[in-house]
Amino acid sequence: MALCEAANGGASLAWPRVLLFGDSITQFSFQQGGWGASLADKLVRKCDVLNRGFSGYNTRWAKIILPRLITKGNSLDSPAAVTIFFGANDSALKATSGVPGSVTPSPPSLRSLGAGARVQCPCVSPPPTDENPKQHVPLAEYAANLHTMVRQLSAAGVPASRVILVTPPPLCEAAWEQECLLQGCKLNRLNSVVGEYAGACVQVAQDCGVDVLDLWTLMQKDTQDFSSYLSDGLHLSPKGNEFLFSHLWPLLEQRVSSLPLLLPYWRDIAEAQPERSLLGDGDH
C-alpha cells in the first residue's frame with residue numbers, strides 16, 4: 001500500500017517488492033500456512049510479497065509471460081528479490097512406458113545426495129506410467145528456459161544477485177499415482193526424472209551466478225522419508241511449506257535485511273502535526 005501524493009507536497013511512498021514466480025506450488029503458497037504467506041508475514045511493512053504462481057505452467061510458457069510481470073527501466077518497480085520455481089510440470093513424462101517408440105525413464109540413481117542415498121517414496125514395484133506431453137518440456141529446453149528467464153530479469157534491471165532458483169521437490173510416486181488414478185490416468189511423473197530436472201536447475205544457477213535452493217536434494221537428505229512434506233505426492237503439505245520457508249528465508253534475508261520498516265511506529269507519530277511524521281520518506 002502506498003501513500004498518494006499529498007496536497008502539501010508529500011511524495012509517493014515507494015514500497016519494495018519480492019516476486020514469487022512459479023507454478024502451482026507457488027500459486028498455492030498463500031494458502032493458510034503456505035511458504036509465501038509466511039514470507040509476507042515476515043516482511044510486513046518492509047515490502048510486498050507478490051504471488052505470481054500459475055498452476056500447471058512450465059518454463060516454456062513462463063519465459064513468455066515473465067517480461068509482462070516486470071516493468072523495464074523503472075527502478076521503483078524493480079523487485080528486491082525474485083524466486084523462479086519451476087520443474088514439477090516440465091518433468092512430466094512425455095512418453096508412455098512400455099509403448100513402442102516410447103522413452104523408458106532411467107533407473108532411480110540419477111543423482112547422488114552426497115553422504116545419503118536417494119530415498120524414493122515406498123512403492124512395491126515400478127508403477128505403470130502415462131504420458132503428459134502438453135506440460136512436458138525436454139530437459140535441455142528446461143535448462144535453456146531457466147537461462148532465458150535469468151537474462152530477461154537482468155535486461156529488466158534485476159541483477160543475478162537478486163534471483164533465487166528453486167528446484168522442484170521430490171515426487172512421492174505412490175501418493176501421486178493415487179491422485180492420477182482419481183483423474184482417470186496412470187502415473188505421469190517419476191521421482192528419478194524429477195531429479196534430472198532438479199540437477200539441471202542447480203547447474204543453471206551455477207552457470208548464471210545465482211543462488212539456488214535444491215529442494216529435491218534437501219528433502220531426501222540422509223535417507224529421510226520425504227512423503228510427509230507432500231500433500232498428494234507432488235504439492236507441499238503444511239510440513240513441506242514450513243520446510244521450504246525455513247530454507248528459503250536465509251537466502252531471501254540476505255537481499256531484504258537492509259530494508260527499513262516503512263512509516264513510523266504509532267507512538268512516534270507527532271500528535272499535533274502528524275503530517276510531519278507521515279509525509280517524509282517513510283523509512284523507520
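Note that the structure is a prediction, hence the values are computed from the model and not measured.

### Some remarks on the confidence of the model for the protein chain
Looking at the protein chain, pLDDT values average 83 and 79% of them are 70 or higher. The model gives residues 1-7 a pLDDT under 50, and that stretch makes 10 contacts with residues more than four places away or in other chains. Note on residues 96-120: pLDDT under 50 across the span, and 47 contacts to partners over four residues away in sequence or across chains.

### So, the environment of Thr167
By secondary structure assignment, the location of Thr167 is in the loop between strand 4 (163-166) and helix 5 (173-182). Under the relative-accessibility criterion, Thr167 is labelled buried at 0%. Residues Thr167 and Leu213, spaced 46 residues apart in sequence, show a C-alpha to C-alpha distance of 6.4 Å. At 2.9 Å, the side chain of Thr167 forms a polar contact with the backbone nitrogen of Leu215.

### Digging into the packing of aromatic side chains
Considering all chains together, one arrives at 8 aromatic pairs under this definition. Both rings, one in Tyr57 and one in Trp61, keep their centres 5.6 Å apart while their planes meet at 80°; by these two values the pair is edge-to-face. Classification of Tyr57 by relative accessible area gives partly exposed; the value is 29%. Aromatic pair Tyr229 and Phe243: ring centres 4.7 Å apart, planes at 45°, arrangement tilted.

### Quick notes on unusual backbone geometry
Glycine aside, the phi torsion of most residues is negative, and most peptide linkages are trans. In the Ramachandran plot, Arg45 falls in the positive-phi region, its phi being about 65° despite a non-glycine side chain. Considering the arrangement of structural elements, one finds Arg45 in the loop between helix 2 (35-42) and strand 2 (48-53).

### Structural notes on the sheet that holds strand 4
Spatial strand order, 2-1-3-4-5: 5 strands in an open sheet with parallel pairing. Across the chains shown, the open sheet's two edge strands, defined by having one partner strand only, are strand 2 and strand 5 (211-213). Each adjacent strand pair in this sheet contributes to an overall mean axis angle of 20°, direction not counted.

### Thoughts on the environment of Cys47
Mapped onto the elements of the fold, Cys47 is located in the loop between helix 2 and strand 2. According to the relative accessible area criterion, Cys47 is buried, its value standing at 4%. Taking C-alpha positions, Cys47 is 8.7 Å from Leu261, a pair spaced 214 residues apart along the chain. With residues near it in sequence (within four places) discarded, Cys47 still touches Trp15, Pro16, Arg17, Val18 and Leu259.

### Focus on the packing of helix 3 (residues 59-69) against helix 4 (residues 139-155)
Between two packed helices, what matters for the description is the angle formed by their axes and the separation of those axes. Axis separation between helix 3 and helix 4 bottoms out at 9 Å; the angle between their running directions is 10°. For the element pair helix 3 / helix 4, the angle class is roughly parallel. Residue-level inspection shows Thr59, Arg60, Ala62, Lys63, Leu66 and Pro67 of helix 3 in contact with helix 4, the latter providing Glu141, Tyr142, Asn145, Leu146, Thr148, Met149, Gln152 and Leu153. The residue inventory of the contact of helix 3 with helix 4, partitioned by class, reads 7 nonpolar, 4 polar and 3 charged.

Rules used throughout
- Residues numbered from 1 in each chain as written.
- Predicted model: local features only at pLDDT ≥ 70, side-chain atom pairs only at ≥ 80, totals over all residues.
- Heavy atoms only, no water.
- pLDDT = per-residue confidence, 0-100.
- Contact = heavy atoms within 4.5 Å.
- Helix = DSSP H or I, 4+ residues; strand = E, 2+ residues; numbered from the N terminus.
- Buried < 20%, exposed > 50% of the residue type's maximum accessible area, 1.4 Å probe, protein only.
- Polar contact = N/O pair within 3.5 Å; in protein donor to acceptor, adjacent residues only side chain to side chain.
- Phe/Tyr/Trp six-rings, centres within 6.5 Å; stacked < 30°, edge-to-face > 60°.
- Pairing = 2+ DSSP bridges.
- Axes fitted to C-alpha atoms, helices over the stretch in contact; angles between N-to-C directions.
- Parallel < 35°, antiparallel > 145°, perpendicular 65-115°, else oblique.
- Nonpolar A, V, L, I, M, F, W, Y, C, P; charged D, E, K, R; others polar.

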